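Observations on the three-dimensional arrangement
Letter by letter, the chains look like this.
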Amino acid sequence: MDSHLNEKVLVVGYHGMVGSAIVRRLQGLGYRNVLTIGREDVDLLNQNAVRAYFDANAIDQVYLAAARVGGIHANNTYPADFIYDNLMIQANVIEAAHRSGVQKLLFLGSSCIYPKLAEQPMAEGVLLTGALESTNEPYAIAKIAGIKLCESYNRQHGRDYRSVMPTNLYGPHDNYHPDNSHVIPALLRRFHDAVAQCAEEVSIWGSGNPMREFLHVDDMAAASVHVMELSAEVYQNNTQPMLSHINVGTGIDCTIRELAETVAKVTGFRGALTFDSSKPDGAPRKLMDVSRLKSMGWTATINLEDGLRDAYQWFVANQMDARS
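Residues numbered from 1 in each chain as written. Predicted model: local features only at pLDDT ≥ 70, side-chain atom pairs only at ≥ 80, totals over all residues. Heavy atoms only, no water.

- As recorded in an unreviewed UniProt entry, the protein goes by the name GDP-L-fucose synthase, listed as coming from Pseudomonas pergaminensis.
- Among the UniProt annotations of the protein, the heading Catalytic activity (unreviewed entry) holds the following wording: "GDP-beta-L-fucose + NADP(+) = GDP-4-dehydro-alpha-D-rhamnose + NADPH + H(+)".
- According to UniProt, the comment filed for the protein under the heading Function (unreviewed entry) is "Catalyzes the two-step NADP-dependent conversion of GDP-4-dehydro-6-deoxy-D-mannose to GDP-fucose, involving an epimerase and a reductase reaction." (UniProt positions renumbered as here; feature names shortened; annotations may be inferred.)

In structure tokens form, the structure reads like this:
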């Protein structure tokens, strides 16, 4: 019954927030042969290096969590890096997995694949139906290509390569860089510093009106393993060959203002909140339709305030590393 727990499972990008959470989840479920690689182990941009690794290891399953990621500022500043690095990582890993006979692979994408003005909540079927948000278009294009790589290997070679598209993630091992982080780690760091400095106010990018959905990374890891462990019959019955990706989220969103107020509560900040409308807001709303995943038997379990407290506790305990 538990023979799958002996399979050799490779997590690519294990140092990242998502990859490390998947490793924790697999080990917690009793998987006995979890292998991990990151950029310091194998140059994922080097096709020959990636192929050599796969050729030297008899891999049964792959979780492809490696990616170049960042917030609005990073996406605007380094668009060429974001599209090139992500395209190369995905192509190298997926092709190497196929060449070495790996039958099962899970590709992790992003909710930014959907059009900027997509009908809300965003169902999987709105993919490629409109223009993308300009601030992260290169990253989104790369992630769409990853989905289509998986689908194409399935159609041409009979592989079982699946894709999950998470909403905005946060949690332990997030990136707290002052310029290149996403909204939750950026706010946690800013409010933490404000408390330490006895600041009277905290300024937040944008109007505070855009609505966003947030998912704790431990929920993301649980969903990823759940999708990977589904039988081929269940997965195929709930997807389509050329529309095979699955949204992962809570199905609940809030305004950036509401998020900031919750972060203030979690960090103990009692000053004023101001909003800088000269900074970009991004898409007005990004809420995932998670009915496909629910029909496959999984729903999120960690609410936002509890998740933020967990993320903040990790930051406080690891802030010297997190700030680098």
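Digging into the packing of helix H1 (residues 17–28) against helix H7 (residues 217–229)
- Running from N to C, H1 and H7 cross one another at 60°; their axes reach a closest spacing of 8 Å. The angle between H1 and H7 places the two elements in the oblique class. For the element pair H1 and H7, the recorded crossing hand is right-handed. Here Met 17, Val 18, Ala 21, Ile 22, Arg 24, Arg 25 and Leu 26 of H1 lie close against H7, whose contacting residues are Val 217, Asp 218, Met 220, Ala 221, Ala 222, Ser 224 and Val 225.
- Residue composition of the contact of H1 with H7, by class: 10 nonpolar, one polar and three charged. (Axes fitted to C-alpha atoms, helices over the stretch in contact; angles between N-to-C directions. Helix = DSSP H or I, 4+ residues; strand = E, 2+ residues; numbered from the N terminus. Parallel < 35°, antiparallel > 145°, perpendicular 65-115°, else oblique. Left-handed = near helix turned anticlockwise from the far one by under 90°. Contact = heavy atoms within 4.5 Å. Nonpolar A, V, L, I, M, F, W, Y, C, P; charged D, E, K, R; others polar.)

As for the sheet that holds strand E9 (residues 246–248)
- Judged by pairing direction, the sheet is parallel, and its six strands sit side by side in the order E2-E1-E3-E4-E5-E9 without closing on themselves. Lying at the two open borders of the sheet, with one neighbouring strand each, are strand E2 (33–37) and E9. The sheet shows a mean angle of 20° between the axes of neighbouring strands, taken without regard to direction.
- Direction of pairing for strand E3 (residues 61–64) relative to strand E4 (residues 104–108): parallel, over a ladder of four bridges. Across the sheet, the residue bridging to Tyr 63 is Leu 106, located in E4.
- Relative to E3, helix H4 (residues 79–99) is tilted by about 175°, and along the sheet it contacts strand E1 (8–12), E3, E4 and strand E5 (160–166). (Pairing = 2+ DSSP bridges.)

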